[in-house]
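Summary of structural features
Chain residues, written in single-letter form:
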Amino acid sequence: AGGTGDIAALLRERVGETGSLVLGDINGAMLRVGRDRMTDRGHVRGFEYVQCNAQALPFPDGSFDLVTI
């Protein structure tokens, strides 16, 4: 449910230059909105976009330090 990128934008400063953020959303159109917003704000490096279902995330356990929804 991270498609719009609003939460990711708020977390960007906390993650820092060496950290990364993954925006996931089941809705591809919303994910594109988030990607475009981050690009328009100059936030390109450190962001990854994954279309996925939050009830069945395609990542192994322990992949993240923090997950928000």
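Residues numbered from 1 in each chain as written. Predicted model: local features only at pLDDT ≥ 70, side-chain atom pairs only at ≥ 80, totals over all residues. Heavy atoms only, no water.

**Description of helix α2 (residues 28-40)**
With 13 residues, α2 should reach 18 Å at 1.5 Å per residue; the first-to-last C-alpha distance of 18 Å fits that figure. Residues of α2 that are buried include every one of G28, L31, G34 and M38, and no others. Taken down its axis, α2 places every buried residue within 115 degrees of arc, on the same side. Looking at the packing, one finds that the buried side of α2 touches α1 (6-15), β1 (21-25) and β2 (47-51). For α2, the side-chain oxygen to backbone nitrogen distance between the N-cap and A29 is 2.9 Å, and the N-cap itself is N27. Positive phi appears at G42, one or two residues downstream of α2, with a value of about 85 degrees. (Helix = DSSP H or I, 4+ residues; strand = E, 2+ residues; numbered from the N terminus. Expected span 1.5 Å × (residues − 1). Buried < 20%, exposed > 50% of the residue type's maximum accessible area, 1.4 Å probe, protein only. Arc of directions from axis to C-beta. Contact = heavy atoms within 4.5 Å. Polar contact = N/O pair within 3.5 Å; in protein donor to acceptor, adjacent residues only side chain to side chain.)

**Topic: the packing of aromatic side chains**
For the structure shown, the criterion picks out two aromatic pairs. Seen in terms of ring centroids, F59 and F64 are 4.9 Å apart; in terms of plane orientation they differ by 90 degrees. Their pairing is edge-to-face. Take F59: its relative accessible area is 25%, and that puts it in the partly exposed class. On the basis of relative accessible area, F64 is assigned to the partly exposed category, the value being 35%. (Phe/Tyr/Trp six-rings, centres within 6.5 Å; stacked < 30°, edge-to-face > 60°.)

**Structural notes on the pattern of salt bridges**
On inspection of all chains with the given rule, the structure shows three salt bridges. Residue R37 is joined to D6 by a salt bridge in which the shortest nitrogen-to-oxygen separation is 2.8 Å. Within this pair, whereas R37 is found in helix α2, its partner D6 is found in helix α1, the two being separated by 31 residues in sequence. Residue class for R37 comes out partly exposed when judged on its relative accessible area of 31%. For D6, a relative accessible area of 35% corresponds to the partly exposed category. Note that R45 and E17 form a salt bridge whose closest N and O atoms lie 3.2 Å from each other. One end of the pair, R45, is in the loop between α2 and β2; the other, E17, is in the loop between α1 and β1, with 28 residues separating them in the sequence. Given the relative accessible area of 62%, R45 is considered exposed. By relative accessible area, E17 is classed as exposed at 58%. (Salt bridge = Lys/Arg side-chain N within 4 Å of Asp/Glu carboxyl O.)

Purely spatial values, then, with no claim about function.
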